[in-house]
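Listed below, chain by chain, are the residues.
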Amino acid sequence: MTDPITLTAYAANLAADTTARTITGTVSLYETPTDDRRGLIIRDGALDTRQPLDRTKLLRDHNPADPVGYMIAFDPATLVATFYLPEGENGDRALAEARDKLRDGLSIGFTTLEHTWDDGDHLVIHKALVNEVSLCAIPAFIGAGVESVNMSATLTPTTPDKENTDMPTLTADDLDAALSAQAADLDRRVEARLASFTPAAPDAVLGADFASAGEFMLAVANKDAAALDLYNTLNYNNGDSTALAFEGVKTVDGKRVADWISDAIHWVNDRRPTVNLFQRETLPAKGNKLEYLKAGEDTTKVEKQANEGDNLKFGKVTLDTDFATVETFGGYSSASRQTVERSDTPIVSEVHRRLLNAYARATELDVRAKVHKLIADQITAGNALTGSASLTAFDWLDLVVDAADLIDERGYALSGMVVSKDVFKRLLRLETSGGDPLVHVSGTSVNQVGTVDLTGIKGDLASVTFRLLPGAPAGTAAFYDPQAYTVFENSSPTQLADDSIIDLTSAFSVYGYMASTSQHPLALLPISGLSGAPVEGGE
């Protein structure tokens, strides 16, 4: 809710009648910018009045000490209102001034309940309550105002007394001054509200005192109090009083972490395409063996009940317990204390980044090798579609349809296909019977049903994304749901810092714990028999 706003309107039509003491007119206009300096628009249907109607008074120039009548009718659709003016000096004078076109404008005073600002800096009123209406001389809307004046008796027109020097003369300068004063008053109100407004405090960002990982590690090495406090806040002590562990993506009390912390995590994940394809879970805090449930026999079935009282279909799920080994990946580097204490920050930051890069590479290669084995195991178990060394374009499309149907039957969703380098090249060269390429690399063709992104080493075949699985044996191709493989990992690589007082060196290490396994092997569907197909142009 805002402070009350007043707007004036004006109408050229004016008629006098002796049957009743009423004034009827349009009090405002919808969907029309004001003609004065306010820059305000009232949306259609936004205005309503106080109830009962006689609580809405008719004033002269918005002066609450000078009431002349009250509202007896109002149409919110047309904004036409009728006011009754009782007998007496005030009512008589107001009727005469309206009849004689001295005060034939209508001005509303209202309180906004809902409003916005549009692109043209207009205050847009969506809902407001009319508090009062005034007879006035200066309009805000040309084309709205008093339309009829009904009087019970002929009234003597009011004319200025030439000898009365107390009667003010209204000039253009007077109007400008009045408008300027009103604008200044509005500015003061806005400034007062802004002065009393207290914005919400920004969320605290952990690590914001340090510009980079290198600057932070230097501060830790130098035993900076703020750095050590952050170190202990975000991390845990690993039992060695000389070494503190730092786990980058942990947050405390819901606080955000600095960009240099989250950047380290993105740096690792962006370099692990195979890890990113499959399901990711957080490794439990304790234990060297990860226990997990593996789906066994599943005979569950849900069917429509034929008749009320019939038994539902019975099925049973057998879950096998298995274990995955929690493995450690890590590496370290060292530098002299002189290098650490006197070098620029980028040197230590670069050491940290290279360690993260090596961690990403090692964990990615480990997961790749295990996915390669899973594909081979599924082929050995007979869980595979059958291909050949000379699949045509339409043979490949048939395989996509068969894979989508079979994976759906198993209760999974077909998310994509991973392929070895030779199969990826083979897909690039697929042609229709008319000689057009089946997938799009560059140029256009009316027969294309897919695309290839050589930057991301992925493509699209009949709306199924195929991706390069680096290092996979020749002839590898497998459809998958991300649930086919799960990587359990502590939140991020942990970094350690330690000092040697004997040779004045500082050591920095990065390590992490990871376990990976397949809980849903049937969510991966390989294609067997693809080996040996020639690739035109060589490997």
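All of these numbers come straight from a predicted model, not from anything done at the bench.

A.B. asks: Pulling in residues and values, what's your account of the environment of Ala389?
C.D. replies: The residue Ala389 is located in the loop between β21 (385-386) and α9 (393-409) in this model. By relative accessible area, which is 33% here, Ala389 ends up partly exposed. Taking the C-alpha atoms as reference, Ala389 lies 4.8 Å from Leu530; in sequence the two are 141 residues apart.

A.B. asks: Can you lay out the environment of Ile23 for me, pointing to particular residues and giving the numbers?
C.D. replies: Of note, Ile23 is situated in strand β3 (residues 22-26). Owing to a relative accessible area of 0%, Ile23 belongs among the buried residues under this scheme.

A.B. asks: Account for the pattern of salt bridges, naming residues and giving values.
C.D. replies: All told, the structure shown has 16 salt bridges when counted by the stated rule. Notably, a salt bridge pairs Asp92 with Arg21, separated by 2.6 Å at the nearest N-O pair. Of the two residues, Asp92 is situated in helix α1 (residues 89-99) and Arg21 in the loop between β2 (16-17) and β3; the sequence distance between them amounts to 71 residues. Taking the relative accessible area as the measure of exposure, Asp92 reaches 28% and is therefore partly exposed. Relative accessible area serves as the criterion here: at 6%, Arg21 is assigned to the buried category. Its salt-bridge partner being Glu489, residue Arg272 comes within 2.9 Å of it at the nearest N-O pair.

A.B. asks: How would you sum up α1? Please name residues and give values.
C.D. replies: Along α1, the residues classified as buried are Gly91, Ala94, Leu95, Ala96, Glu97, Ala98 and Arg99. A positive backbone phi angle near 65 degrees is found at Lys101, which sits one or two residues after α1.

A.B. asks: How would you explain the nonpolar core if you had to name every residue and give the values?
C.D. replies: Counting residues in each nonpolar core, the largest one holds 49 residues, and the members touching the most others are Trp396, Met417, Leu427, Phe479 and Ile527. In this structure, Ala46, Leu85, Leu95 and Ala98 belong to the second largest nonpolar core, which totals 27 residues.

A.B. asks: Account for the packing of aromatic side chains, with residues named and values stated.
C.D. replies: Tallied over the full model, the rule gives four aromatic pairs. Ring pairing ties together the aromatic residues Phe278, Tyr480 and Tyr485, which thus form one cluster.

A.B. asks: Provide a residue-level description of a negative patch on the surface, including the pertinent values.
C.D. replies: On the surface, a cluster of negative charge is made up of Asp398, Asp402, Asp405, Asp408 and Glu409. Summarising the element assignment, Glu409 is placed in helix α9. A relative accessible area of 62% means that Glu409 is categorised as exposed.

The rules behind the values
- Residues numbered from 1 in each chain as written.
- Predicted model: local features only at pLDDT ≥ 70, side-chain atom pairs only at ≥ 80, totals over all residues.
- Heavy atoms only, no water.
- Helix = DSSP H or I, 4+ residues; strand = E, 2+ residues; numbered from the N terminus.
- Buried < 20%, exposed > 50% of the residue type's maximum accessible area, 1.4 Å probe, protein only.
- Salt bridge = Lys/Arg side-chain N within 4 Å of Asp/Glu carboxyl O.
- Core = buried A, V, L, I, M, F, W, Y, C linked by side-chain atoms within 4.5 Å.
- Phe/Tyr/Trp six-rings, centres within 6.5 Å; stacked < 30°, edge-to-face > 60°.
- Patch = residues over 30% accessible without salt bridge, like charges linked within 9 Å, V, L, I, M, F, W, Y side chains within 5 Å.
- Areas by Shrake-Rupley, 256 points an atom, 1.4 Å probe, with all protein chains shown as cover.
- Lys, Arg positive; Asp, Glu negative; His and termini not counted.
- Charge placed at Lys NZ, Arg CZ, Asp CG, Glu CD.

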